[in-house]
Amino acid sequence: MARLASPRYYLPVLLILLLFALPLFVKSPYYLHIMAMVLFWAYMATAWNIVGGFAGQLSLGHGAYVAAGAYTSSLLFAYLGISPWFGMFIGGLVAGLMGFLVGYPTLRLRGAYYALATVGFAEGFRVILTNTTHIGKWKTGGAEGFMIPLLGNAPQHMQFISKVPYYYLILVLFLILVLICRWIDGSKLGYYLTALREDEDAALALGINTARVKLVAATLSAFFAGVGGVFYAQLIRYLEPNAIAGPIMSNQIVFLAIVGGRGTVLGPALGGLVLTLIGEITRVVFNQIMGLHLFLYGLLVVLFVIFKPRGLIEFLEVLWNRLVNLLERREGKHAA
Amino acid sequence: MPHRALLELRNVTIKFGGLIAVNDLSFTVNEGEIVGLIGPNGAGKTTVFNLISGVYRPTKGEIYFNGENIVGLKPYQVCQKGIGRTFQLVKPFGNKTVLYNVMVGAFLHTNNTHVSREKALEVLKLVGLHHRKDMLAKNLTIVDRKKLEVAKALATEPKLLLLDEVLAGLNPAEVNEAIEVIKRIHRAGVTILLIEHVLKAAMALSQRVVVIDYGRKIAEGPPEEVTNNPEVIKAYLGERYGAARN
């Protein structure tokens, strides 16, 4: 209880409670959908950050892992009747395996090679998805896309009429992922990832098998991206290769994480929250200009890389510390 | 003290294209010794360190550590065998604290953050950097950066420590301070091979020195003997014994 009395603890708790309480006040399915999508992007940016931020290896092809998760669970559900609740795990594993296979040969190289490999792989995967209409007897839809059979309200198959369960589902996934990232950050893996990001030669000299550590990060990141893909599939219930596996997905994730603050636990999530909200607003206000939000994201990335390379999280940290200090001083006065 | 060879280089040669950077070099470092590797600029000293630590693979020759041929091992494997090294151009993880930097090294023998922190604090006390543990590495002065570089390597608990010009760029007072640190590390049971350009310091520290020039060994022996060797004087002072270079 004494710990809870400090603003350092009760403020995050309050914030999380607020997130859980939001659906009590927001009833419109449209806004609930947007809120779920905002959390989805925050989740994706956080997942990407494990390899792109912590390990500092620029992956520009996370769309492939999102698609791998989404298609795996959806096909297993449509043709074998396996519930997406299990499919979520299997989809994550398939995506993780893909992340491992892309990373294994390329993470030994330095610099842009990994980034190039991820672009090449994701594009290849998108083209395959676009041009494959069947896997054996299973229809995947190719360029037309794949519709997930609608069952109405079927919680056991992760389908809901209301948007509220989707919101809670992604909120829980997001919070779990943030906790995992916090744990990574403070563990041996986190120290090793930081070391190799800051100076790979120095890391090697300290006995760190940098290739293996990078591979662990890439695999974990792809796994969580795949899990996110399954959620996306259940929310949208329509998979289109270009939208899910293409550069729009891959690049957007990277933009959010960079603007929010690469390599920090909460930065990418913050980027996801703020930018997606801005994106939604511009979509409503300037609805005749398609893709304006992507243009804005691009502009923000350029501005942040030049002027605030540590990202939005820097502002939040300042604000946070001020608020905590203020509250602590006030409590100090009360006690006195 | 038994003269057991901890490190042994046998006829080690490396060529970069047409350039022979290290030429048929053989020497040993015995357990418990401090050996100095000296030579003029460009003699190939750092290349020798890079060969030992696995950054380069020799074109010819073998390197034995604890009786085991370590040629072909990756740098991280060499470190895991028990050889720590520092870099001439120090490589701190600048955006992290001193303690964080040293903990990275200390994680080699544990997965536990608490154990790693205790080990790191112990090492920081040994090198005299404990009072700076919460400072960001990039804000350290040059002498503290050098100490941090040593502390990181030391945290991996090496049997042999390769020190690459840790005294370069320090003022005389700092050199003395650093020498004391090196002696303390040696007393703690670590064998040391050091590259030094500051000859006086190298002579004061080393029980034995190996002199190389153009990648070849030109002399080896106790410091006072080596300084009187005509070939060494020639290598350092030039053919006509011109102005002192250092």
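Our structure's up above, just so we're on the same page.
Summary of the structure given here. None of these values were measured; they are calculated from a predicted model.

Brief notes about the interface of chain A and chain B
Taken together, the contacts link 21 residues of chain A with 24 residues of chain B. Both sides together, the interface formed by chain A and chain B hides about 1900 Å², and carbon and sulfur atoms give 64% of it. The largest contributions to the chain A side of the interface with chain B come from Lys188(A), Tyr191(A) and Leu206(A), which together make up 37% of the buried area. Put simply, chain A and chain B have one salt bridge between them.

Side note on helix H1 (residues 45-52) of chain B
Residues and elements named next belong to chain B. Along H1, seven of the eight residues are buried, which leaves the element largely enclosed by surrounding structure. All of the buried residues in H1 are Lys45, Thr47, Val48, Phe49, Asn50, Leu51 and Ile52. Downstream of H1 by one or two residues, Gly54 has phi in the positive range, about 90°.

A short note on the packing of helix H2 (residues 29-54) of chain A against helix H6 (residues 164-186) of chain A
Residues and elements named next belong to chain A. Packing of H2 against H6 brings their axes to within 9 Å, and their N-to-C directions diverge by 20°. As far as their axial angle goes, H6 and H2 are roughly parallel. For the pair H2 and H6, the sense of crossing is left-handed. Contacts from Leu32, Met35, Ala36, Leu39, Phe40, Ala42, Tyr43, Thr46, Ala47, Ile50 and Phe54 in H2 reach Val164, Tyr167, Ile170, Leu171, Leu173, Phe174, Leu177, Val178, Cys181, Ile184 and Asp185 in H6. Its residues assigned to classes, the contact of H2 with H6 shows 20 nonpolar, one polar and one charged.

Describing the sheet that holds strand S8 (residues 191-195) of chain B
All names here are of chain B. Strand order in the open sheet formed by six strands is S6-S7-S8-S3-S9-S10, and the pairing between neighbours is mixed. The sheet is open, and its two borders are formed by strand S6 (83-85) and strand S10 (216-221), each paired with just one other strand. Strand-to-strand twist of the sheet, defined as the mean angle between neighbouring strand axes without regard to direction, takes the value 20°. Looking at chain direction, strand S3 (residues 34-38) and S8 are connected through four bridges and run parallel. The residue of S8 that forms the bridge with Gly36 is Leu194.

A look at the pattern of salt bridges
Under the counting rule described, the total for this entry stands at 20 salt bridges over all chains. One salt bridge connects Lys91(B) with Asp199(A), and the closest N-O pair in it is separated by 3.6 Å. Separated into two different chains, Lys91(B) in the loop between S6 and helix H3 (98-106) and Asp199(A) in the loop between helix H7 (188-198) and helix H8 (200-205) make up a pair that spans both. Of the two residues, Lys91(B) and Asp199(A), both sit in the buried class.

Describing the environment of Ala64(A)
Residues and elements named next belong to chain A. For Ala64, the position within the fold is in helix H3 (residues 62-80). Note: C-alpha distance between Ala64 and Gly226 (162 residues apart in sequence) is 8.7 Å. Residues contacting Ala64, with those up to four places away along its chain left out, are Met98, Phe121, Ala122, Phe125 and Ala245.

A closer look at the sheet that holds strand S5 (residues 68-69) of chain B
Residue and element names in this part refer to chain B. The strand order across the open sheet built from four strands is S2-S1-S4-S5, with neighbouring strands paired in antiparallel fashion. Sheet topology places strand S2 (19-30) and S5 at the edges, where each strand pairs with a single neighbour. Note: strand S1 (residues 5-16) against S2, eight bridges, orientation antiparallel. Residue pairing across strands places Ala5 opposite Asn30, the latter belonging to S2. Across the sheet, H1 touches S1, S2 and strand S4 (60-65), and the angle it forms with S1 is around 115°.

Notes on helix H12 (residues 267-285) of chain A
Residues separated by three or four positions in an α-helix point in the same direction, a consequence of the helix having 3.6 residues per turn. Its 19 residues give H12(A) an end-to-end C-alpha distance of 27 Å, which sits within 8% of 27 Å, the value for a rise of 1.5 Å per residue. Residues of H12(A) that are buried: Gly267(A), Pro268(A), Ala269(A), Leu270(A), Gly271(A), Gly272(A), Leu275(A), Thr276(A), Gly279(A), Glu280(A) and Thr282(A).

Looking at the environment of Phe224(A)
All names here are of chain A. Position of Phe224 relative to the elements: it lies in helix H9 (residues 210-236). The exposure class of Phe224 is buried, given its relative accessible area of 11%. Beyond its immediate chain neighbours, meaning those up to four positions away, Phe224 contacts Tyr43, Ala47, Ile50, Leu177 and Ile180.

Side note on the packing of H3(A) against helix H11 (residues 247-260) of chain A
Residues and elements named next belong to chain A. Between H3 and H11, the shortest axis-to-axis distance is 7 Å and the interhelical angle comes to 115°. You can see that H3 and H11 cross each other, and the crossing is right-handed. Packed against H3, whose contacting residues are His62, Gly63 and Val66, the element H11 presents Met249, Ser250 and Ile253 at the interface.

Overview of the nonpolar core
The biggest cluster of nonpolar side chains holds 131 residues, and the ones touching the most others in it are Phe231(A) and Ile244(A). Non-local contacts of Ile244(A), meaning those with residues more than four positions away in its chain, are made with Gly63(A), Val66(A), Ala67(A), Ala70(A), Tyr71(A), Tyr232(A), Leu239(A) and Met249(A). In this structure, Val22(B), Leu51(B), Ile52(B) and Val210(B) belong to the second largest nonpolar core, which totals 28 residues.

Things to note about the packing of aromatic side chains
Enumeration over the complete set of coordinates arrives at 18 aromatic pairs over all chains. Counting every residue linked through ring pairs, the aromatic cluster contains Phe40(A), Trp41(A), Phe160(A), Tyr166(A), Phe231(A) and Tyr232(A). Seen from the ring of Tyr100(B), Lys96(B) lies directly overhead, with NZ or CZ sitting 4.9 Å from the centre. Lying over the aromatic face of Phe93(B), Lys152(B) brings its terminal NZ or CZ to 4.4 Å of the ring centre.

Reading the values: the criteria
Residues numbered from 1 in each chain as written. Chains lettered and ligands numbered in written order. Predicted model: local features only at pLDDT ≥ 70, side-chain atom pairs only at ≥ 80, totals over all residues. Heavy atoms only, no water. Contact = heavy atoms within 4.5 Å. Buried area = accessible area lost by both parts, 1.4 Å probe. Salt bridge = Lys/Arg side-chain N within 4 Å of Asp/Glu carboxyl O. Buried < 20%, exposed > 50% of the residue type's maximum accessible area, 1.4 Å probe, protein only. Helix = DSSP H or I, 4+ residues; strand = E, 2+ residues; numbered from the N terminus. Axes fitted to C-alpha atoms, helices over the stretch in contact; angles between N-to-C directions. Parallel < 35°, antiparallel > 145°, perpendicular 65-115°, else oblique. Left-handed = near helix turned anticlockwise from the far one by under 90°. Nonpolar A, V, L, I, M, F, W, Y, C, P; charged D, E, K, R; others polar. Pairing = 2+ DSSP bridges. Expected span 1.5 Å × (residues − 1). Core = buried A, V, L, I, M, F, W, Y, C linked by side-chain atoms within 4.5 Å. Phe/Tyr/Trp six-rings, centres within 6.5 Å; stacked < 30°, edge-to-face > 60°. Lys NZ or Arg CZ within 6 Å of the ring centre and 35° of its normal.

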